[in-house]
Amino acid sequence: RTVLFVSHNMAAITQLCKRTIWIDNGKVRMDGNTAEVVKAYLGIGADSRTCWERNGNVNSSKSNKEFEFRSVRLLENQKEIEPIIPFNSKLKLRIGFDILNPIKYLSITYHMLDSYGTVIYESISTDDAKRKEYEWTPGTYLALCDVPESFLMPGRYYITIAAYVDGVKILDRHESVLICDVSNIGYNLNIGRKGFGTPDINWNIEKKANLLPAERT
């Protein structure tokens, strides 16, 4: 039995499908291993960028619209950073958005994806429980959130943003608004280590003179 799954969600395609067909303007552009097709799809015309602004003005006349993203910027020391980023950079993501009508239970999220469309991690504004029942009033807002320091292995990454009311509706979503390359500058860890990230995990190793039998295993 064959199941046909049609989507623009690269993470879902990567998780669910072994074979992927990329159709562009009604023609098959690529057919093969999912990881390779997704990598090619994400890379097409994908020049690095660390700044994104919404095209056109936010339309406050849309009475049924509640939320619109305005801009996204990747910063270091409050300044925009170049698209090729040293491994040990201390980065923040600044997200501008407009509340056009009052909203309750709003969540804003960003996904960090690798070049195969795999979600490396997600950060959500309502991870802070105090914001879950906050009632947002109309206005322009700026959110500033951290990008984990010295965590992303050298390679290309994509940032997707979304806003939603949990379990109810998606208010706004933009795929791959930022594209950046983490370089090996400042990378002093073991080459070829496995995994998606490089968490700083402390190891405590001591030489013991007289170990008890239970401590030797």
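Scroll up to find the structure.
Here's a quick rundown of the structure. (Residues numbered from 1 in each chain as written. Predicted model: local features only at pLDDT ≥ 70, side-chain atom pairs only at ≥ 80, totals over all residues. Heavy atoms only, no water.)

Comments concerning the overall build of the chain
Across its full length, the chain holds 2 helices and 14 strands. Taken over 217 residues, the chain has a buried fraction of 37%. For the chain, long-range pairs separated by at least 24 residues make up 65% of all intrachain contacts whose partners lie at least 6 apart in sequence. Carbon together with sulfur atoms contributes 49% to the accessible area of the chain, which is approximately 14,400 Å² in total. (Helix = DSSP H or I, 4+ residues; strand = E, 2+ residues; numbered from the N terminus. Buried < 20%, exposed > 50% of the residue type's maximum accessible area, 1.4 Å probe, protein only. Contact = heavy atoms within 4.5 Å. Areas by Shrake-Rupley, 256 points an atom, 1.4 Å probe, with all protein chains shown as cover.)

Brief notes about the layout of surface pockets
Of the pockets and cavities examined, the largest pocket occupies roughly 620 Å³. In terms of lining residues, the largest pocket is bounded by 19 residues, among which Leu 4, Phe 5, Val 6, Thr 20 and Ile 21 are the most central. Broken down by element, the residue count for the lining of the largest pocket peaks at 5 residues, all from strand 1 (residues 19-24). Among the residues making up the lining of the largest pocket, the classes are represented as 13 nonpolar, 4 polar and 2 charged. (1 Å grid on protein atoms, 1.4 Å probe; cavity = no way out; pocket = protein on both sides within 12 Å on 5 of 7 lines; lining within 4 Å. Points joined across faces, edges and corners; volume = space filled by probe spheres on them. Nonpolar A, V, L, I, M, F, W, Y, C, P; charged D, E, K, R; others polar.)

Here's the deal with the pattern of salt bridges
Under the definition given, this model contains 11 salt bridges. As a salt-bridge pair, Glu 80 and Arg 73 come within 2.8 Å of each other at their nearest N and O atoms. Judged by relative accessible area, which is 47%, Glu 80 ranks as partly exposed. Judged by its relative accessible area of 13%, Arg 73 falls in the buried class. (Salt bridge = Lys/Arg side-chain N within 4 Å of Asp/Glu carboxyl O.)

With respect to the nonpolar core
Formed by 36 residues in total, the largest nonpolar core has its most connected members in Phe 67, Phe 69, Leu 74, Phe 97, Leu 106 and Ile 161. When contributions to this core are tallied by element, the ones reaching two or more residues are strand 4 (67-76), strand 7 (91-99), strand 9 (106-114), strand 10 (119-124), strand 12 (139-147), strand 13 (155-165) and strand 14 (169-182). Excluding residues within four positions of it along the chain, Leu 74 makes contact with Thr 50, Lys 79, Glu 80, Ile 81, Ile 85, Leu 91, Lys 92, Leu 93, Val 147, Leu 178 and Cys 180. (Core = buried A, V, L, I, M, F, W, Y, C linked by side-chain atoms within 4.5 Å.)

Quick word on the sheet that holds strand 9
Here we have 5 strands laid out as an open sheet, ordered 6-14-13-9-10, and mixed in their pairing. The outermost strands of the open sheet, each flanked by one partner alone, are strand 6 (84-85) and strand 10. Here strand 9 pairs with strand 10 via 5 bridges, running antiparallel. Along strand 10, the bridge assignment pairs Tyr 110 with Ser 123. (Pairing = 2+ DSSP bridges.)

Remarks on empty space enclosed by the protein
Taken as a whole and judged by the stated rule, the model has 2 cavities of 30 Å³ or more. In this structure, the largest cavity encloses a volume near 80 Å³. Looking at the largest cavity, the residues that line it are Ile 85, Pro 86, Phe 87, Ser 89, Leu 91, Val 147, Pro 148, Glu 149, Ser 150, Phe 151, Leu 152 and Val 182. Along the lines of polarity and charge, the residues of the lining of the largest cavity split into 9 nonpolar, 2 polar and 1 charged. As for the second largest cavity, its lining consists of Leu 74, Ile 85, Leu 91, Met 112, Val 147, Leu 152, Cys 180 and Val 182. When the residues that make up the lining of the second largest cavity are grouped by side-chain class, the tally is 8 nonpolar, no polar and no charged.

A word on the environment of Asn 184
Summarising the element assignment, Asn 184 is placed in the segment after strand 14. By relative accessible area, Asn 184 is classed as exposed at 55%. Through-space distance from the C-alpha of Asn 184 to that of Pro 154 is 5.5 Å; in sequence the pair is 30 residues apart.

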